[in-house]
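# Report on the structure
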Amino acid sequence: MPEVEGDLKEIQTLRDTVTVGIDDMAVYVPKLFISTTGEFATSRGIEPAKLMKGIGVEKMSIPDAHEDAATMAASAVLELMKRSDILPKDIGKIYLGTESAVDEAKAMGTYVIGMLEKVYGRGSFEECSTVEFKSACIGASYALESIAEWVGSGARSGSEPAPGAADGQGDDRIGIVIASDVARYELESSGEYTQGAGSVAMLVKKEPRMVALDGAIGSFTRDENDFFRPIGKRVAVVNGKHSNSCYLSAVGGAFASFKRRAQKVGLLNPNNLNISQGESILDRLSYILFHIPYPRMTEYAALSLFRQEWKNLPRWKDVTAEIGPEPSQEMFSSPEDYGKVDAAYNKKFSKSRAFNETFMSKVEPTTFLSRQVGNIYTGSMYLGLASLAEQGLLHAGDKVCFCSYGSGCSALVFSGTIQEGFKSLTPGNVQKKLDARKELSLKDYEDLHEGRKSGSILPPSGEFALMGIDSQGYRLYDYVS
Ligand code: HMG
């Protein structure tokens, strides 16, 4: 027992002395989009109000014929490197979260490095390692966990960088996490209006300017068939309603695990989150970043998590005074009957004062960009962070909580603190890119979706492009100036 206490003290001391996290981020979105209202809604026989309010998506980003998850990833990294003045020799690892693999064996990161070397010179990334993390929408979070651990262990070992140059391997280890995906479902299916495409690249280093990770990570994993894409299929198989409920139970489970682990490493202590009797960890969080397959899902997630976290606190009395007591499962003979009554109670809770105030201040602003981009799978939660930055809502000292979910299924919950250096970053450029996009006709959208378009809608210019696929299936990319 004394040994465990000693270990925990050591972890705490290290945490107090070494901060590791996201230093800067860049977002890439394709230049094409389809509006969910107008032609799309009419052709599918759906009321636009359902898509705008019930789902929360106004526009979905659609990749052009020369784009895929690899070109989007390379574009995001190029912007990040240029903005943060990082050279290839500074980067020790590029870990890529994706479920839109372009090859069954070759790591997408090697294609990305090939593209970046068209700009930085052949061999410039030779010492950089790369690997692909596949775990549906949670892949990039596992990549972040891994790179942050590697950066932290370098900083703690105090090892020297190579003489004369930072080589990404010494005590100043620098890594990049990329989240890159194309979310695609069958045409005319109920998943179709939750599509999108985009990439987020994040620079991970010690003493980060943007978000320092607090250190505790809660996790949850269970074998589920909520959403998957068998080998060879271009679109995902999805059991829609089941996927929503897997998401809710996994995030709830990972949050409970996060609380236990946060307690162990002292994150709830007065010098950290400072949770006292009768309070919830949620009270100390400025923002809760959920995975955003579609913005409305964040409301379902918040309803479920707030109920879970509040129902044993004194404040639940005020909630029940307003909307009545929660139904108890034991009172129902079938899970279906209980489910119906519980869903009705959830609706009432969604209208309660306490829920609305907390949801509108801590969650709703995180969906700002997703409403205009759609689901970008593993990058969606990080797009939520970009949404806050874009609207100027982040301030030094703010605590943000990441609730990452991936179908199949797995969830990770961790927190971070916004840093002073964040003020020196200029992340407010995503909206400009979104405003400059071209709206697709329904026909062009469907042709792109089905791979029927051989030429690009907007010929590539100043960007990476897929130029062709050779007779062996090898993909040929270039930077088109
Ligand atoms: P649906 O059949 O469109 O759902 O499927 P719905 O009919 O229940 O409608 C949704 C809401 O719109 C409801 O609100 C309706 O009432 C409302 P609620 O009753 O719940 O409050 N509505 C309207 N609102 C205003 N005006 C109207 C109107 N009409 C109806 N006129 C579903 C929705 C998300 C299931 C479907 O689109 C789908 O299957 N999408 C793909 C799967 C998905 O996104 N799942 C999310 C959880 S799993 C996940 O996040 C992982 C994932 O990202 C993949 C990965 O991990 O890699 C998907």
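Our structure's up above, just so we're on the same page.
First things first, this report covers the structure right here in the doc. Here the residue index of a chain counts from 1 through its sequence in written order. For a predicted model such as this one, the threshold for reporting local features is a pLDDT of at least 70, and the threshold for listing and counting side-chain atom pairs is 80 or more; totals across whole chains, interfaces and linings nevertheless cover every residue. To obtain the side-chain values, all non-hydrogen atoms of the structure were included, while hydrogens and water were left out.

### What about the overall build of the chain?
Along the backbone of the chain there are 15 helices and 16 strands. The C-alpha radius of gyration of the chain comes to 23 Å, within 12% of the 23 Å expected for a compact globule of 481 residues. Counting only C-alpha atoms and orienting by the principal axes, one finds that the chain spans roughly 65 × 60 × 40 Å. The buried share among the 481 residues of the chain stands at 54%. Each helix corresponds to a stretch of at least 4 residues labelled H or I by DSSP, and each strand to a stretch of at least 2 residues labelled E; elements are numbered beginning at the N terminus. The globule rule used here is 2.2 Å times the number of residues to the 0.38 power, and the radius of gyration it is set against is calculated over C-alpha atoms. Each residue is assigned to one of three classes by its accessible area relative to the maximum for its type, calculated with a 1.4 Å probe on protein chains only: buried under 20%, partly exposed between the two thresholds, exposed over 50%.

### Focus: the side chain of S199
Checked against the element boundaries, S199 lands in strand β7 (residues 196-206). We call two N or O atoms a polar contact when they sit within 3.5 Å, provided that within protein one can donate a hydrogen and the other can accept it, with sequence-adjacent residues counted only if both atoms are side-chain atoms. In this structure the side chain of S199 is engaged in a polar contact, spanning 3.5 Å, whose partner is the backbone oxygen of M72. When neighbours within four sequence positions are excluded, S199 is seen to be in contact with A26, V27, Y28, M72, A73, A76, I178, A179, S180 and I376. We call two residues contacting when some pair of their heavy atoms lies within 4.5 Å.

### Points about the site of the ligand
Around the ligand sit 31 residues, and of these K50, E99, S190, Y193 and Y300 come closest. Measuring from an oxygen atom of the ligand, one finds a side-chain N or O atom of N375 at 3.2 Å. Exposure was quantified through the Shrake-Rupley algorithm and a 1.4 Å probe, taking into account, for residues, occlusion by the shown protein chains and nothing else. For the ligand, whose free accessible area comes to 1100 Å², the fraction covered by protein is 79%. If you list the elements that add at least two residues to the shell around the ligand, you get α3 (48-55), α7 (240-264), α8 (295-310) and β12 (399-406). In terms of residue count, α7 provides more of the shell around the ligand than any other element does, five residues in total. As a working rule, the residues Ala, Val, Leu, Ile, Met, Phe, Trp, Tyr, Cys and Pro are called nonpolar, Asp, Glu, Lys and Arg charged, and the rest polar, with Gly in that last group. Broken down by class, the residue content of the shell around the ligand amounts to 14 nonpolar, eleven polar and six charged. Residues are labelled near a given molecule or strand when at least one of their non-hydrogen atoms is within 4 Å of it.

### Examining the sheet that holds strand β14 (residues 438-439)
With respect to topology, three strands assemble into an open sheet ordered β3-β2-β14, the strand pairing being mixed. Strand pairing shows two members of the sheet lacking a second neighbour, β3 (59-62) and β14, which therefore form its edges. Being paired, for any two strands, means DSSP has found at least two bridges between them. Note: strand β2 (residues 32-35) against β3, four bridges, orientation antiparallel. Within the sheet, the bridge partner assigned to L32 lies in β3 and is I62.

### Some thoughts on the environment of C403
In this structure, C403 sits in strand β12. On the basis of relative accessibility, which here comes to 0%, the residue C403 falls in the buried class. Separated by 362 residues in sequence, C403 and A41 have C-alpha atoms that sit 31 Å apart. Setting aside anything within four residues of it in sequence, one finds C403 in contact with V251, F255, I288, L289, F290, H291, M381, L412 and V413.

### A closer look at the pattern of salt bridges
Within this document, salt bridges are pairs made up of a side-chain nitrogen of Lys or Arg and a carboxyl oxygen of Asp or Glu, the two lying within 4 Å of each other. As enumerated under the stated definition, the model contains 26 salt bridges in all. Residue D23 pairs with R209 through a salt bridge whose shortest N-O separation is 2.7 Å. Separated by 186 residues along the polypeptide, D23 in strand β1 (residues 20-28) and R209 in the loop between β7 and β8 (211-221) bring together distant segments of the chain. The class for D23 is buried, based on a relative accessible area of 2%. On the accessibility criterion, R209 (26% relative accessible area) is partly exposed. Beyond isolated ion pairs, a larger network of salt bridges with shared partners links D24, E79, R83 and K433.

### As for the sheet that holds strand β5 (residues 129-133)
Judged by pairing direction, the sheet is mixed, and its nine strands sit side by side in the order β5-β4-β6-β7-β1-β8-β13-β12-β11 without closing on themselves. With one partner strand each, in any of the chains shown, β5 and β11 (287-290) form the two edges of the open sheet. The mean inter-strand angle of the sheet, taken between neighbouring strand axes irrespective of direction, is 25°. Relative to β5, strand β4 (residues 93-97) runs parallel, the two being bridged by five bridges. When the bridges of β5 are listed, G97 appears paired with F133. For helices, the fitted line uses only the C-alpha atoms of the stretch in contact; every axis is such a line through C-alpha atoms, and the angle between N-to-C directions lies from 0 to 180 degrees.

### Quick word on the packing of helix α9 (residues 316-323) against helix α10 (residues 335-350)
In a packed pair of helices, the relevant descriptors are the angle between the two axes and the axis-to-axis distance. Between α9 and α10, the shortest axis-to-axis distance is 10 Å and the interhelical angle comes to 105°. The pairing of α9 with α10 is recorded here as roughly perpendicular in orientation. The residues of α10 that touch α9, namely those facing W316, V319, T320 and I323, are Y345, K348 and F349. In this scheme, roughly parallel covers angles under 35 degrees and roughly antiparallel covers those over 145, while 65 to 115 is roughly perpendicular and the rest are oblique.

### Quick notes on the nonpolar core
Looking at soluble globular proteins, one finds that nonpolar side chains tend to be buried together. By size, the foremost hydrophobic cluster in this structure holds 59 residues, and its most contacted members are F290, F306 and F349. If you tally residues by element for this core, the top one is α7, at eight residues. Filtering out sequence-adjacent residues up to four positions away, F306 remains in contact with L282, I288, K311, F349, F355, T358, F359 and V363. Think of a nonpolar core as a cluster: buried Ala, Val, Leu, Ile, Met, Phe, Trp, Tyr and Cys residues, connected wherever their side-chain atoms sit within 4.5 Å. Judged by nonpolar contacts, the second largest core, of 45 residues, contains A140, Y382, I418 and V430.

### Examining the packing of aromatic side chains
Aromatic pairing here means that ring centres of Phe, Tyr or Trp (its six-membered ring) are within 6.5 Å. Orientation follows from the plane angle: under 30 degrees is stacked, over 60 is edge-to-face, and everything else is tilted. This structure, assessed with the given rule, holds 20 aromatic pairs. Seen in terms of ring centroids, F40 and Y445 are 6.2 Å apart; in terms of plane orientation they differ by 70°. Their pairing is edge-to-face. Of this pair, F40 sits in helix α2 (residues 38-44) while Y445 sits in helix α15 (residues 442-449), and the two are 405 residues apart along the sequence. An identical accessibility class is assigned to F40 and Y445; each is buried. Site record: aromatic cluster; members linked through ring pairs are F306, W310, W316, F349, F355 and F359. Put simply, a charge is over a ring when the Lys NZ or the Arg CZ is close to the ring centre, within 6 Å, and near the line of the ring normal, within 35 degrees. Against the face of F33 rests K59, its NZ or CZ located 5.0 Å from the ring centre. The positively charged end of K106 is found above the aromatic ring belonging to Y111, 4.4 Å away from the centroid.

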